[in-house]
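Fold and contact review
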Amino acid sequence: MAVFASLLPVLALPSWVAVGIAVLLVYKFVIYPSFLSPLARIPAARWHARFLPFYSLYLKYTGTESRTTLKLHQRYGPVVRLGPNELTVNCYEGGIKTIYGGGFPKTDWYQNGFANYETENVFTVKGKEHGQIKRVFSHTLANSTILSSSSIRARAWRAIFDQLCPILRQSCKSRTPIDIHPLNYAYAMDTYTSFQLGDELATDFLTDADTREWYLNHSKTLLATQNFFWATEVPNLTNWLFKLGFQPIPFDAIESKLALEDFFIKKYDRAAQVLNGEETHSQDTSKRPTLFALAHARFGNIYKDSESPGRQPYPHRLQIASNLYDQSLAATENNGIALTYVHYELARRPEVQSALRTELLAAEPDLITADNTFGDPKAIESLRLLDAIVTETLRIHPPAGAALPRTTPGPGTSTIGGFEGIPPGVRVEARAWALHRNPDVFPEPEEWRPERWLGATPGQLTEMKRWFWAFGSGPRMCTGNHFAMLSIKLAIAAIYLHFSTSVVDAEGVDMEQEDAVVSRPKGDKLMLQFHEI
Ligand code: HEM
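Residues numbered from 1 in each chain as written. Predicted model: local features only at pLDDT ≥ 70, side-chain atom pairs only at ≥ 80, totals over all residues. Heavy atoms only, no water.

Some thoughts on the coordination of the iron atom of the ligand
Of all protein atoms, just one serves as a donor to the iron atom of the ligand, and that atom is Cys478 (SG), at 2.3 Å. By the secondary structure assignment, cysteine 478 is in the loop between α21 (458–467) and α22 (481–498). (Donors = N, O, S within 2.8 Å, 3.2 Å for Na, K, Ca; no water. Helix = DSSP H or I, 4+ residues; strand = E, 2+ residues; numbered from the N terminus.)

See the structure below:
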């Protein structure tokens with residue numbers, strides 16, 4: 001009724017005024033965007049994409065965007081108009097170099113999807129606050145610090161040799177295949193939260209299977225494409241529907257978000273007590289909540305105390321929680337997916353496993369010390385085949401391979417992929433999935449070939465590194481890339497020194513990657529048979 005009531009004034013207008021308004025609307029919403037806008041020169045994905053957003057929304061809702069845009073780029077070139085105000089971009093010069101290297105601002109998509117505790121974090125925030133938060137963690141997450149951290153290596157050792165290997169050995173003895181995917185998530189979460197919060201407050205998902213399963217069920221619901229779509233792609237429509245009494249975001253997804261937030265904030269609150277000396281702890285550095293302590297000490301330089309409402313038991317509680325929770329989600333999902341695909345590719349290629357083992361055995365004296373821990377971190381850095389295996393896996397199976405949206409800045413216009421005069425406020429986005437499949441840079445791009453990183457000429461290598469985009473680029477590039485590479489390499493090195501693997505075909509296994517913000521294998525499992533060496 002309210003809708004009809006709002007139309008009454010229009011119906012009461014003289015007919016020539018109504019026609020005039022209709023002509024203006026057609027001009028603004030159809031003729032201008034289709035023929036006169038600076039975007040009109042750019043090839044459109046569909047004829048209607050010039051003035052209607054539905055094609056783009058359809059691709060996002062159905063989780064078919066990355067694969068479809070790859071085909072669109074193959075057909076129309078490096079810049080394609082996906083909607084009236086949206087461009088998909090697939091090139092380095094004038095593409096990722098300009099947009100991401102040039103620091104074009106993020107869209108609200110990030111805030112709508114990834115703010116935790118209703119509070120922004122380094123992943124979502126725009127403006128100068130972003131650089132301030134990033135600087136708090138940047139030294140501790142830098143490659144030199146990560147490589148020299150004995151506590152990271154000690155925790156990884158414990159996770160792999162004391163917790164994971166016994167599970168793998170058991171499966172060897174009983175000749176029972178094992179689903180390695182949830183264990184990869186567990187390893188990623190346990191090692192990262194240990195770095196954040198110290199060993200005692202970290203998760204223990206490798207041994208605590210019930211909590212692991214509880215976590216995985218909630219995170220799967222939370223990140224399901226169609227649940228995520230409403231808040232990120234059509235937030236205004238979602239709010240309107242909510243006001244009209246509909247709830248497009250399923251209750252399960254909201255419940256999962258709240259359950260996970262609650263699980264983690266309890267840990268952060270305990271970390272604050274540790275720091276305040278309210279809990280007795282030894283001086284053992286592995287128990288120190290390293291990343292929590294950094295945020296706790298330095299967020300006061302970013303946020304005023306007035307931004308810490310009285311309900312917070314310690315300053316900036318929600319800002320700390322939002323950041324740490326975001327990081328642990330990023331670490332678990334991305335490292336977990338990457339590890340699963342490294343296993344998947346290796347398990348199908350015994351000859352690559354043998355070559356890797358030869359490389360590992362040659363480095364073993366430096367890699368592993370006599371008193372049983374990971375040795376000189378440079379040893380792991382120097383393993384070229386291992387590096388090529390992980391990099392090639394991130395190329396062909398990027399865990400965060402979907403679109404990363406930005407907006408063209410103002411004042412003035414931008415040049416994107418050779419198209420000049422792009423006005424401010426246009427959504428522009430590239431995706432690792434498509435960049436990594438450019439055959440001019442990565443010949444036979446659908447082939448997993450680690451050797452492409454080893455036999456390339458210096459010129460080819462430079463080009464491949466420019467287009468390699470698993471961690472993004474520019475000022476918003478992943479802050480966890482060094483931690484990710486080290487922890488993935490430690491796990492793969494330790495496991496393939498002692499085991500070989502083969503893939504087992506089992507019900508529910510589907511290794512095709514989801515076309516989603518977090519690109520898990522569709523079946524969400526990988527059954528492997530481990531063989532002890
Ligand atoms: C294989 C593992 C990982 C992959 C593939 C990955 C991928 C990415 C990508 C593509 C971005 C850029 C997003 C954008 O530009 O919109 C990003 C940002 C980010 N990642 Fe990662 N990530 C991984 C591991 C981690 C880990 C271990 C952490 C833990 C600290 C982490 C924390 C972050 C954060 C905080 C950002 C936001 C940076 C900013 O906006 O300045 N990631 N990641």
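Here we look at the side chain of serine 256
Structurally, the position occupied by serine 256 is in helix α14 (residues 251–275). On the accessibility criterion, serine 256 (2% relative accessible area) is buried. Separated by 2.8 Å, the side chains of serine 256 and histidine 218 make a polar contact. When residues no more than four places from it in sequence are discounted, the contact partners of serine 256 are His218, Thr221 and Leu222. (Buried < 20%, exposed > 50% of the residue type's maximum accessible area, 1.4 Å probe, protein only. Polar contact = N/O pair within 3.5 Å; in protein donor to acceptor, adjacent residues only side chain to side chain. Contact = heavy atoms within 4.5 Å.)

Quick word on the sheet that holds strand β7 (residues 427–430)
Read across the open sheet, the four strands follow the order β1-β2-β7-β4; overall the sheet is mixed. A single partner strand is all that each edge strand has here, and the edge strands are β1 (79–83) and β4 (404–407). When the angles between neighbouring strand axes are averaged without regard to direction, this sheet yields 30°. Across the sheet, helix α4 (residues 65–76) touches β1, β2 (86–89) and β7, and the angle it forms with β1 is around 135°. (Pairing = 2+ DSSP bridges. Axes fitted to C-alpha atoms, helices over the stretch in contact; angles between N-to-C directions.)

Some words on the pairing of β7
Neither face of β7 is left uncovered, since the one carrying Arg427 and Glu429 and the one carrying Val428 and Ala430 both have all their residues buried. Two strands pair when backbone bridges link them, and β2 and β7 are joined in this way by three bridges, in the parallel orientation. Opposite threonine 88, over in β7, you have glutamate 429 as the bridge partner.

Describing the UniProt feature "binding site: heme" (unreviewed entry) in the protein
In this numbering, the UniProt entry assigns the feature "binding site: heme" (unreviewed entry) to Cys478. Overall, cysteine 478 belongs to the partly exposed group, its relative accessible area being 34%. (UniProt positions renumbered as here; feature names shortened; annotations may be inferred.)

Here we look at the nonpolar core
Phe137 and Tyr268 are the most contacted members of the largest nonpolar core, which totals 137 residues. With near-sequence residues (within four places) excluded, tyrosine 268 lies in contact with Tyr117, Gln196, Leu197, Phe292, Tyr314, Ala321, Leu324, Tyr325 and Ser328. (Core = buried A, V, L, I, M, F, W, Y, C linked by side-chain atoms within 4.5 Å.)

Thoughts on α14
Given a rise of 1.5 Å per residue, 25 residues ought to cover 36 Å, and the 36 Å separating the end C-alpha atoms of α14 matches this to within 8%. Looking one or two residues past α14, glycine 277 carries a phi angle of roughly 75°, positive in sign. (Expected span 1.5 Å × (residues − 1).)

Let's talk about the packing of aromatic side chains
Evaluated as defined, the whole model comprises 33 aromatic pairs. Note on tyrosine 117 and tyrosine 325: the rings are 6.1 Å apart at their centroids and 75° apart in plane angle, and the pair reads as edge-to-face. Of this pair, tyrosine 117 sits in the loop between α6 (108–114) and α7 (128–141) while tyrosine 325 sits in helix α16 (residues 317–347); the two residues are 208 residues apart in sequence, bridging distant segments of the chain. The same class applies to tyrosine 117 and to tyrosine 325, which are both buried. Sitting above the plane of the phenylalanine 29 ring, lysine 28 keeps its charged end 5.3 Å from the centroid. (Phe/Tyr/Trp six-rings, centres within 6.5 Å; stacked < 30°, edge-to-face > 60°. Lys NZ or Arg CZ within 6 Å of the ring centre and 35° of its normal.)

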